[in-house]
Amino acid sequence: MKHIYLLILSSLLFFVAFAGTKKLVVNNGDFSTANSWLPSVVPADGDVLIVPANYTLIVAKNINVAPNNITIIVDGTVDLTNGKLILGSGSAIYLSSSTAAIVSSKGNPADKITIGGSEKYNGQVGDIAGPALADISTATTSTATSGFVSPSVSTITTYELLAGRSSSSDFTVLPVKFLSFIVSKASTGVTVQWSTAQEINASVFHIERSEDSRTWRTIATVKAVGNSTNVQSYSYTDKTILNKVAYYRIKEVDTDGQYTYTDVKNVTNQSTQSVAANNVTIIANGNNVMVNFSKQVAGTVVVRLINFGGQVLTQQAYSQASQQIVFNKTYVNKGNYIISVSNNSDLNVAKQVAL
């Protein structure tokens, strides 16, 4: 039993020690440049830094973080190009898989990583691929051997949980996390609305329409915000009203040309009464969230509490929604969340709230 308590205590101390902000590499760039990171802030003491697959973090000069501590979780590449990364004794670098690497572009022995004054890597060693870990407890670099070691299963689990996933394959950086997508008939045509909870290197949204759900054509292009961790809402009105069913989808394209689609929505030529976003107000008040409608809402209304990872923390359905809904949230830590209100028809509203 004593060993169990010690294990729990050591795990708690680990997570407390690294209770800083998670920062994500969103541009292939230099460690000390704010624009390389999301949020756009240079790393600080206690931060957990994540280098996604297909991204490169460049250390092109001497970066001295010590005595401060940071944890770097690498799914992509850390490139030491005439640079040194000097970290505090409580720091660690974890390479999650065989595609994660530490490299020295010029093989320069002056390209170094030190943790707590102990050298863990220099360019003369050559490239290192994961899974691998370096911290204060691992060996010091020798002529041909780095201070990176193969992590144990429990160590892998610890760092994967710290990254917010159950395995490294769970961490795929999508350009956009779609929060909502709805199409509805309006007096002037068809209104296409969508919102995002997160955008990383997003470029544009193409609105595509089809008459048979097989052959698609782009009817409009909307510029994306680009990089954001806040809720972003978009809207477009298609003024061409088809005499039959019309199908819609959104194609998001990122700055590298990669793309992803929403699911497909459709409308018919039957008239509908749209509930516009400005007819809904969402107010956080203590343990309750008040959702007010300026007119009656048809169908079942679902209110969801969502974190910025896109996870639905709790939801409640109201089969006969009046003009006011009182949504009792379950206990959550103080912070910013997303309240989503939808009836899976003509209502789909999302708002960021502080709880």
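Residues numbered from 1 in each chain as written. Predicted model: local features only at pLDDT ≥ 70, side-chain atom pairs only at ≥ 80, totals over all residues. Heavy atoms only, no water.

Asker: What am I meant to see in the overall build of the protein chain here?
Answerer: A tally of helices and strands in the protein chain yields 2 helices and 30 strands. The burial tally for the protein chain puts 47% of its 355 residues in the buried class. Of all intrachain contacts in the protein chain linking residues separated by at least 6 positions in sequence, the fraction that spans at least 24 positions is 54%. As displayed, the protein chain offers around 17200 Å² of accessible surface, 50% of which is attributable to carbon and sulfur atoms. (Helix = DSSP H or I, 4+ residues; strand = E, 2+ residues; numbered from the N terminus. Buried < 20%, exposed > 50% of the residue type's maximum accessible area, 1.4 Å probe, protein only. Contact = heavy atoms within 4.5 Å. Areas by Shrake-Rupley, 256 points an atom, 1.4 Å probe, with all protein chains shown as cover.)

Asker: Whenever I open this one, helix α2 (residues 153-162) confuses me. Can you help?
Answerer: Three- or four-residue spacings in an α-helix give side chains the same orientation, since the helix completes a turn every 3.6 residues. Burial in α2 covers these residues: Y159, E160 and L162. Projected down its long axis, α2 carries its buried residues within an arc of 160°, all on one side. More than 90 degrees from the buried face of α2, the exposed residues found are V153 and L161. (Arc of directions from axis to C-beta.)

Asker: It is not clear to me how the sheet that holds strand β25 (residues 288-293) should be interpreted in this structure. Could you clarify?
Answerer: Strands pair in a sheet through their backbones, by hydrogen bonds, and they do so in one of two ways: parallel or antiparallel. Pairing is antiparallel across the open sheet formed by 3 strands, whose spatial order is β24-β25-β28. If you trace the sheet from one side to the other, it starts and ends with β24 (280-285) and β28 (324-328), each paired once. Ignoring strand direction, the axes of neighbouring strands in this sheet form an average angle of 20°. When β24 meets β25, the two strands line up antiparallel, connected through 6 bridges. Within the sheet, the bridge partner assigned to I283 lies in β25 and is M290. (Pairing = 2+ DSSP bridges. Axes fitted to C-alpha atoms, helices over the stretch in contact; angles between N-to-C directions.)

Asker: Any chance you could explain the side chain of S118 here in plain terms?
Answerer: Secondary-structure assignment places S118 in strand β13 (residues 118-122). With a relative accessible area of 14%, S118 lands in the buried category. A distance of 3.0 Å separates polar atoms of two side chains, one belonging to S118 and the other to T140. Not counting the four nearest positions on each side in its chain, S118 is found in contact with I113 and T140. (Polar contact = N/O pair within 3.5 Å; in protein donor to acceptor, adjacent residues only side chain to side chain.)

Asker: Could you clarify how one ought to interpret the nonpolar core in this entry?
Answerer: As a rule of thumb, nonpolar side chains are buried together in soluble globular proteins. With 41 residues, the main nonpolar core has F31, L85, I93, L95, I102 and F148 as its most contacted residues. Once you skip the residues sitting within four places of it in the chain, F31 turns out to touch W37, V42, P43, L49, L57, I58, I63, V65, I70 and L85. Counting 18 residues, the second largest nonpolar core, distinct from the first, contains W194, A202, A224 and I250. (Core = buried A, V, L, I, M, F, W, Y, C linked by side-chain atoms within 4.5 Å.)

Asker: How do you make sense of the environment of Q316 when you look at a structure like this?
Answerer: Turning to its location among the elements, Q316 is positioned in strand β27 (residues 312-318). Apart from the residues lying within four places of it in its own chain, the contact partners of Q316 are V301, V302, V303, F327 and N328.

Asker: Is there a simple way to explain the packing of aromatic side chains in this structure?
Answerer: Within a pair of aromatic rings, the relevant descriptors are the distance that separates the centres and the angle that separates the planes. The full count for this structure, using the stated rule, is 5 aromatic pairs. With centroids separated by 4.8 Å and ring planes inclined at 55°, the aromatic side chains of F205 and Y234 adopt a geometry described as tilted. Taken together, the positions of F205 in strand β18 (residues 202-210) and Y234 in strand β20 (residues 232-238) put the pair 29 residues apart, joining distant regions of the chain. When its relative accessible area of 0% is taken as the criterion, F205 is described as buried. Given a relative accessible area of 10%, Y234 falls into the buried group. Three or more aromatic residues joined by ring pairs form one cluster here, namely F178, W194, F205 and Y234. Lying across the ring of Y261, R249 places its NZ or CZ 4.1 Å from the centre. A cation over an aromatic ring shows up here: K251 above the ring of Y259, its NZ or CZ 4.3 Å from the ring centre. (Phe/Tyr/Trp six-rings, centres within 6.5 Å; stacked < 30°, edge-to-face > 60°. Lys NZ or Arg CZ within 6 Å of the ring centre and 35° of its normal.)

Asker: Can you help me understand the sheet that holds strand β6 (residues 62-64) in this one?
Answerer: Judged by pairing direction, the sheet is mixed, and its 4 strands sit side by side in the order β6-β9-β12-β13 without closing on themselves. Taken across any chain shown, the strands that pair with only one partner, and hence form the sheet edges, are β6 and β13. Direction aside, neighbouring strands of the sheet carry axes that sit 10° apart on average. One ladder, built from 4 bridges, connects strand β9 (residues 84-87) with strand β12 (residues 112-115); its direction is parallel. Paired with I86 across the bridge in β12 is T114.

Asker: Is there a simple way to think about the pattern of salt bridges in this case?
Answerer: A side chain with one charge can pair with a side chain of the opposite charge if their charged atoms come near. Enumeration according to the criterion identifies 3 salt bridges in this entry. The partner of E208 in a salt bridge is R249, with the nearest N and O atoms 2.6 Å apart. You can see E208 sitting in strand β18 and its partner R249 sitting in strand β21 (residues 246-254), a full 41 residues away along the chain. Both residues of the pair, E208 and R249, count as buried. D238 is paired through a salt bridge with R209; the nearest N and O atoms lie 2.7 Å apart. (Salt bridge = Lys/Arg side-chain N within 4 Å of Asp/Glu carboxyl O.)

Asker: Please explain the confidence of the model for the protein chain as it appears in this structure.
Answerer: Any region with low pLDDT has predicted coordinates that should not be read closely. Mean pLDDT over the protein chain works out to 77, with 80% of the residues at or above the 70 mark. Here helix α1 (residues 2-17) stands out as the element of the protein chain with the lowest mean pLDDT, 36, in contrast to strand β19 (residues 217-223), whose mean of 94 is the highest. Scored below 50 in pLDDT, residues 1-19 shows 14 contacts in the model against residues more than four places distant or in partner chains. (pLDDT = per-residue confidence, 0-100.)

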